[in-house]
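Working through the structure, step by step
For reference, the chains in residue letters:
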Amino acid sequence: MMAPTQGGDQPYLKHLNRAKVLHLLRTHPGLSRAELAAHSGLTKVTVGSLVTGLLDAGWLDEGGARPGATGRPGRELHLGETRHVLLGAEIGVLGARAVATTLRGTVLARAETRTPTTTPHAAAQTITRLCGQLLQDPATQGRELLGLGVALPGPVSPDGTRVLYAPNLGWDDVPFLELLRAAPDIPPHLPTEAITLDNEANAAAFGESFLRPGEPPQLLAYVSLGSGVGAGFTALSGTPHVLRGARGLAGEIGHAIIQPGGLYCHCGNRGCVETLLGGWAIRAALNLNVLDPLDEALAPRLREAAVQVTLGRAGEALGQLLVNLHQTLGPDEIVIGGALTRLDGAVLGPALDVYHARQWRLAAPPARVTVRTDSLYLPALGAAAQLLARVIDTPQETA
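Residues numbered from 1 in each chain as written. Predicted model: local features only at pLDDT ≥ 70, side-chain atom pairs only at ≥ 80, totals over all residues. Heavy atoms only, no water.

Just so we agree on the cut-off: UniProt positions are given in the numbering used here, feature names are shortened, and annotations may be inferred rather than shown by experiment.
Within an unreviewed UniProt entry, the label attached to the chain reads Xylose repressor, and the organism entered is Deinococcus daejeonensis. Check the Sequence similarities (unreviewed entry) section of the UniProt entry for the chain; it says "Belongs to the ROK (NagC/XylR) family."

Considerations on the pairing of strand S8 (residues 171–174)
The side chains of a regular strand alternate between the sheet's two faces. Basically, it comes down to this: Pairing between strands requires that DSSP locate at least two bridges from one strand to the other. Runs of H or I in DSSP of at least four residues are treated as helices and runs of E of at least two as strands, each being numbered from the N terminus.
Both strand S7 (residues 163–166) and S8 contribute to a ladder of three bridges, which runs antiparallel. From the neighbouring strand, Tyr165 faces S8, where its bridge partner is Asp172. Two successive antiparallel strands, S7 and S8, enclose a turn made up of four residues, where Gly170 displays a positive phi of approximately 75°.

Side note on the pairing of strand S5 (residues 107–113)
Sheet topology note: the strand S4 (residues 96–101)/S5 ladder contains six bridges and is antiparallel. By the bridge assignment for S5, Val99 is matched with Arg110. Between the antiparallel neighbours S4 and S5 lie five residues, among them Gly105 with a positive phi of about 85°.

Observations concerning the nonpolar core
Heads up, the condition is: Residues belong to a common nonpolar core when they are buried Ala, Val, Leu, Ile, Met, Phe, Trp, Tyr or Cys residues joined through side-chain atoms within 4.5 Å. Buried means the residue's accessible area, taken with a 1.4 Å probe over protein chains only, is under 20% of the maximum for its type, while exposed means over 50%, and partly exposed covers the values in between. The contact criterion used is simple: two residues touch if any of their non-hydrogen atoms lie within 4.5 Å.
Grouped together as the largest cluster of nonpolar side chains are 34 residues, with contacts concentrated most on Ile91, Ile127, Leu148, Val150, Leu152, Trp171 and Phe176. What Trp171 contacts, discounting residues up to four positions off in sequence, is Ile91, Thr117, Thr118, Thr119, Pro120, Ala123, Leu152, Val163, Tyr165, Ala166 and Phe176. Counting 33 residues, the second largest nonpolar core, distinct from the first, contains Leu298, Leu311, Ala339 and Ala367.

Here's the deal with the pattern of salt bridges
Note the following rule: A side-chain nitrogen of Lys or Arg and a carboxyl oxygen of Asp or Glu constitute a salt bridge if their distance falls within 4 Å.
Overall, the coordinates contain 15 salt bridges when judged by the stated rule. For the salt bridge of Glu90 with Arg97, the shortest nitrogen-to-oxygen distance reads 3.3 Å. Here the two residues Glu90 and Arg97 agree in accessibility, since each one is buried. Here Glu333 ties to Arg212 by a salt bridge, and the two come within 3.0 Å at their closest N and O atoms.

Side note on unusual backbone geometry
In most cases, non-glycine residues show a negative phi, while peptide bonds are predominantly trans. The residue Asp173 is not glycine, and still its phi comes out positive at about 50°. In this structure, Asp173 sits in strand S8. For Asp344, which is not a glycine, the phi torsion comes out positive at approximately 55°. Mapping Asp344 onto the fold places it in the loop between strand S13 (333–338) and helix H11 (348–357). Classification of Asp344 as exposed rests on a relative accessible area of 75%.

And the structure:
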């Protein structure tokens, strides 16, 4: 974020300073007013005025004396935990999930359905119904609702209004934002202008960067292993932002060709990553029920020879995919989430073996790989974080 200059539009400059303070306390919780002034380059008077307004509005909480301070100790400041609530939701192939969170990303309540997703209209109604359940939870009562972020299993148009396609759902060019706003059971207190849409891997990648204290990685790649295979990339430029490509299609790594002349993919090509690593391909190879969650269907069968061969092949494909990501993008960190992470290393073991064995020896140390076996709600949580970032960075009528 650029530093404000004197003589500019004062409400907008106030917004920039407000956003700067909130982002600093997001990444460096516990700073005092004096430390905020030092870190931000703003005057102590400006910081004091901003902090007073943010405390009054519930955006900040004030804690105890800052430890280790010399002279008159300042008091710790943190993003507020008690006044606001954000909603995040994910539409998946076999169901949907939603979370209610605080400004710090603390989860207040969760809700889910395991009914397979069908039409866009039905999916919109499912999401709004889950949101209604969350807003009835005692943990969210009395809070000010800031909005809803939604993660979807396909690329979203650059203007954030349409799902361009979702092959594993059979959707093509769906005006999903319009459907959400028009859903009959949309919660009455949900500001319909404060709804965001994004690809589920993008949302998870953003959450992994935005919600962690301290400075996030300069470049983070999130790899999603579910019915399909996708990726989201975030880069750090002031605050994290998603790398989307010219048409919003960056991260469609499931359709990178990894086995020329291999099996046909849903996309029409042959040898895509998904033909070896996608949940639909694994189900087909092992004759699994398409309505059963992949990890739950495979967990009791991990000792079977056919399962070991199929998952071993999937792991090798994942390992080669990680090598390619590392060599082409050079991320600081690769985070892996999705159903295949919850199989006791059956896929991740061979994948990491390939990843470490095939590094280019002249390159820098390989990117750190983090496996998130607790990734079930990551896209929904990331979607809520995207909504929070938008609220912080959009000028408000009042501070």
